[in-house]
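Read off the chains here:
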Amino acid sequence: MKKIILLILLIPINLNAFSEYQDEKFEDNNLIWEEKEFCYKEEEIFEYLEKSEFHFDNYDLEDYKISYGEWQKEFDNFQNYEEREKYYYQIIEEIRYLHFTQFKSPDNQFMLNELNIMYGNSALDYEFICSGCHGDASFNNGINYNENFHIQNGGELIIDLGDYYPVYSIYVKLYFSNLVHGENAFRLETSVNKTAKSTWTYSRTWYAGQLHEYRSIDFNLATSNLDSPTFKDPIESETLRPENKFVKSYSEKEYREIIYLYKNYEYKIIE
């Protein structure tokens with residue numbers, strides 16, 4: 001700290017009217033001695049900067065802070081960096097539609113008696129559209145032998161489940177009849193929106209029965225084949241999850257730069 005003593009003479013208007021010096025204190029208010037003191041100090045101003053950004057001549061490499069860049073997937077030739085591994089998994093998109101296609105029967109009459117669709121232990125109500133169907137379709141009203149309804153070869157039956165369900169939780173049981181011995185077959189596919197197929201399975205059997213007899217076929221779609229399915233957005237997980245055909249897992253490395261910021265300072269005099 002620095003001090004400066006300043007002596008100021010405050011006198012009346014007449015600048016030439018001075019009295020003689022004397023030893024005693026002069027009490028006349030016409031002359032006043034006033035003493036003022038001015039103080040100055042130095043203030044340190046500083047920033048924490050990278051070495052390349054120093055703009056003061058003073059710096060302290062022992063006084064520093066660490067800053068971090070953003071995590072990124074691409075390594076950018078960082079001089080100092082750290083890395084981490086992140087884990088993700090994706091689940092196959094849920095389905096809403098079942099497509100029964102490529103019907104085949106030796107007499108061109110695939111007789112569908114009943115179609116049960118289960119989600120877990122619950123039976124699902126559904127709506128359907130049928131192409132190549134003939135007669136009164138009553139296959140969703142309980143097992144009912146109906147010789148007046150059939151699906152011709154090459155027909156298609158589309159089932160709307162009314163909501164979206166995990167494909168691996170759907171169970172299908174189909175009852176059909178055939179009076180002529182031969183191959184009975186069809187293909188079962190699933191989709192999210194009636195267009196992009198997710199999974200498929202194919203059934204074929206040789207069968208002939210008597211009137212009012214039927215055979216059942218069971219499908220657990222967890223065992224169906226994949227057909228270019230789409231998967232939901234990735235979900236981050238703490239570990240790498242086991243994979244199956246309905247769940248895929250992967251890991252990614254990420255990088256971020258470690259930035260060292262050093263004290264760079266100067267002194268400024270203030271009153």
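Residues numbered from 1 in each chain as written. Predicted model: local features only at pLDDT ≥ 70, side-chain atom pairs only at ≥ 80, totals over all residues. Heavy atoms only, no water.

*Asks:* Got a minute to help me understand the sheet that holds strand S5 (residues 95–104) in this structure?
*Replies:* The six strands lie next to each other as S8-S9-S5-S11-S12-S14, forming an open sheet whose pairing is antiparallel. Edge positions in the sheet fall to strand S8 (127–134) and strand S14 (225–226), since each has one partner strand and no second. The pairing of strand S12 (residues 197–206) with S14 spans two bridges and is classified as antiparallel. Bridge pairing links Thr199 to Leu226 in S14. (Pairing = 2+ DSSP bridges. Helix = DSSP H or I, 4+ residues; strand = E, 2+ residues; numbered from the N terminus.)

*Asks:* It is not clear to me how the sheet that holds strand S10 (residues 170–177) should be interpreted in this structure. Could you clarify?
*Replies:* Within a sheet, neighbouring strands are paired by backbone hydrogen bonds and run either parallel or antiparallel to one another. With antiparallel pairing, four strands are arranged side by side in an open sheet as S7-S6-S10-S13. A strand with exactly one partner marks an edge of an open sheet, and here the two such strands are strand S7 (122–123) and strand S13 (215–220).

*Asks:* Even after reading the chapter, I still don't get the pattern of salt bridges, so can you show me in this structure?
*Replies:* A side chain of one charge can pair with a side chain of the opposite charge when the charged atoms of the two come close. Scanning the model with the defined rule gives eleven salt bridges in all. Across the salt bridge formed by Asp218 and Lys173, the nearest N and O atoms sit 3.9 Å from each other. Placement of Asp218 in strand S13 and of Lys173 in strand S10 is noted, with a sequence separation of 45 residues between them. (Salt bridge = Lys/Arg side-chain N within 4 Å of Asp/Glu carboxyl O.)

*Asks:* Looking at this model, I keep getting lost on the environment of Asn220. Mind explaining?
*Replies:* Mapped onto the secondary structure, Asn220 falls in strand S13. Judged by relative accessible area, Asn220 falls into the partly exposed class, the value being 39%. Along the sequence, Asn220 and Thr201 sit 19 residues apart, while their C-alpha atoms lie 9.9 Å from each other. In this view, Asn220 contacts Tyr168, Ile170 and Tyr171; residues no more than four positions away in its chain are not counted. (Buried < 20%, exposed > 50% of the residue type's maximum accessible area, 1.4 Å probe, protein only. Contact = heavy atoms within 4.5 Å.)

*Asks:* Explanation requested: the pairing of strand S6 (residues 111–119) in the structure shown.
*Replies:* Examined bridge by bridge, S6 and S10 share eight bridges and lie antiparallel to one another. Looking across to S10, one finds that Glu114 is bridged to Tyr175. The pairing of S6 with S7 spans two bridges and is classified as antiparallel. Bridge pairing links Tyr119 to Ser122 in S7. What sits between the antiparallel neighbours S6 and S7 is a turn of two residues, in which Gly120 has the positive phi angle 65°.

*Asks:* It is not clear to me how the packing of aromatic side chains should be interpreted in this structure. Could you clarify?
*Replies:* For any pair of aromatic rings, the description consists of the separation of the ring centres together with the inter-plane angle of the planes. If you walk through the whole model with that rule in mind, you get 18 aromatic pairs. Taken together, a centroid distance of 5.9 Å and an interplanar angle of 65° make the contact between Tyr64 and Tyr260 edge-to-face. Here Tyr64, found in strand S3 (residues 58–68), pairs with Tyr260, found in strand S16 (residues 247–270); they are 196 residues apart in sequence, far enough to count as distant. We classify Tyr260 as partly exposed; its relative accessible area is 30%. For the pair Phe110 and Phe176, a centre-to-centre distance of 5.2 Å together with 20° between the ring planes defines the contact as stacked. Here Phe176 lies in strand S10 and Phe110 lies in the loop between S5 and S6, a separation of 66 residues in the sequence. Side by side, Phe110 and Phe176 carry an identical accessibility label, which is buried. These aromatic residues form a ring-pair network of at least three members: Phe100, Phe103, Phe110, Phe176, Phe186 and Phe219. Directly above the ring of Phe46 sits Lys263, whose terminal nitrogen or CZ lies 4.7 Å from the centroid. (Phe/Tyr/Trp six-rings, centres within 6.5 Å; stacked < 30°, edge-to-face > 60°. Lys NZ or Arg CZ within 6 Å of the ring centre and 35° of its normal.)

*Asks:* Sorry if this is basic, but what is going on with the side chain of Arg256 here?
*Replies:* Relative to the assigned elements, Arg256 resides in strand S16. Polar side-chain contacts of Arg256 include one of 2.6 Å to the side chain of Glu82. With residues near it in sequence (within four places) discarded, Arg256 still touches Tyr68, Gly69, Glu70, Trp71, Phe78, Asn80, Tyr81 and Glu82. (Polar contact = N/O pair within 3.5 Å; in protein donor to acceptor, adjacent residues only side chain to side chain.)

Function cannot be inferred from these measures alone, as they are strictly geometric.
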